[in-house]
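A closer look at the structure
If you want the building blocks of each chain, they are given just below.
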Amino acid sequence: MAAFDDSTDPKLGAACNRLAAFVEPMPAGVLVDRTSGLTEDDLALILRHLHSTRRNDTAAEDLPDAIDPASYTTVPRTSRS
């Protein structure tokens, strides 16, 4: 699994490294959470996407404070009840 040591946000990079260390020894496709249906494949996909889209060329102070969730068209919007 890819390392996040060069991430702009050191706390996020460290958290991603811990998650990768948790996911890596799991058998492929194992069910992580029965209620949500979250699998090892889901976690690996998320980590690969985070690694490929991380911003390591921008200083943390140059990043926006908040990102508009509506700008992410690939993420389904759900309401909490």
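Above: the structure in question.
A brief report on the enclosed structure follows. (Residues numbered from 1 in each chain as written. Predicted model: local features only at pLDDT ≥ 70, side-chain atom pairs only at ≥ 80, totals over all residues. Heavy atoms only, no water.)

Let's talk about the overall build of the protein chain
How we decide: In this description a helix means any DSSP run of H or I spanning at least four residues, a strand means any run of E spanning at least two, and both kinds are numbered starting from the N terminus. Exposure categories follow from relative accessible area, calculated using a 1.4 Å probe and restricted to protein chains: below 20% of the type maximum is buried, above 50% is exposed, and the middle band is partly exposed. The criterion used for residue contact is that any of the two residues' heavy atoms lie within 4.5 Å. Accessibility throughout is a Shrake-Rupley quantity obtained with a 1.4 Å probe, and a residue counts as covered only by protein chains that appear here.
Of regular secondary structure, the protein chain possesses 2 helices and 2 strands. Reading the protein chain from its N end, one meets helices and strands in the order α-β-β-α. Within the span of the protein chain, comprising 81 residues, buried residues form 17% of the whole. For the protein chain, contacts bridging at least 24 residues in sequence account for 40% of all contacts bridging at least 6. Within the structure as shown, the protein chain displays about 6,500 Å² of accessible surface, and the carbon and sulfur contribution to it stands at 55%.

Notes on the packing of helix α1 (residues 10–23) against helix α2 (residues 40–53)
Condition: Axis lines are fitted to C-alpha atoms, over the contacting stretch for helices. Their N-to-C directions set the angle, which ranges from 0 to 180 degrees. Two helices that cross are described as forming a left-handed crossing if the nearer one is turned anticlockwise from the farther one by less than a right angle, and a right-handed crossing if clockwise. Amino acid classes used here: Ala, Val, Leu, Ile, Met, Phe, Trp, Tyr, Cys and Pro are nonpolar; Asp, Glu, Lys and Arg are charged; the rest, including Gly, are polar.
Taken N-terminus to C-terminus, the directions of α1 and α2 make an angle of 145°; their axes are 10 Å apart at the nearest point. The two elements α1 and α2 cross, and the hand of that crossing is left-handed. Contact residues: α1 offers Cys-16, Leu-19, Ala-20 and Val-23, while α2 offers Glu-40, Leu-43, Ala-44, Leu-47 and Leu-50. For the contact of α1 with α2, a count of residues per class yields 8 nonpolar, no polar and 1 charged.

Some remarks on α2
Rules: Each helix should span, by expectation, one fewer than its residue count multiplied by 1.5 Å. This arc describes the spread of directions from the helix axis toward the C-beta atoms.
The end-to-end C-alpha distance of α2, which contains 14 residues, comes to 20 Å, matching closely the 20 Å that a straight helix rising 1.5 Å per residue would cover. The complete set of buried residues in α2 reads Glu-40, Leu-43, Ala-44 and Leu-47. The arc that holds the buried residues of α2, viewed along the axis, is 100°, so those residues lie on one side. α2 presents Leu-45 and Ser-52 as exposed residues on the side facing more than 90 degrees away from its buried surface. Of the surrounding secondary structure, the elements contacted by the buried residues of α2 are α1, β1 (31–33) and β2 (38–39).

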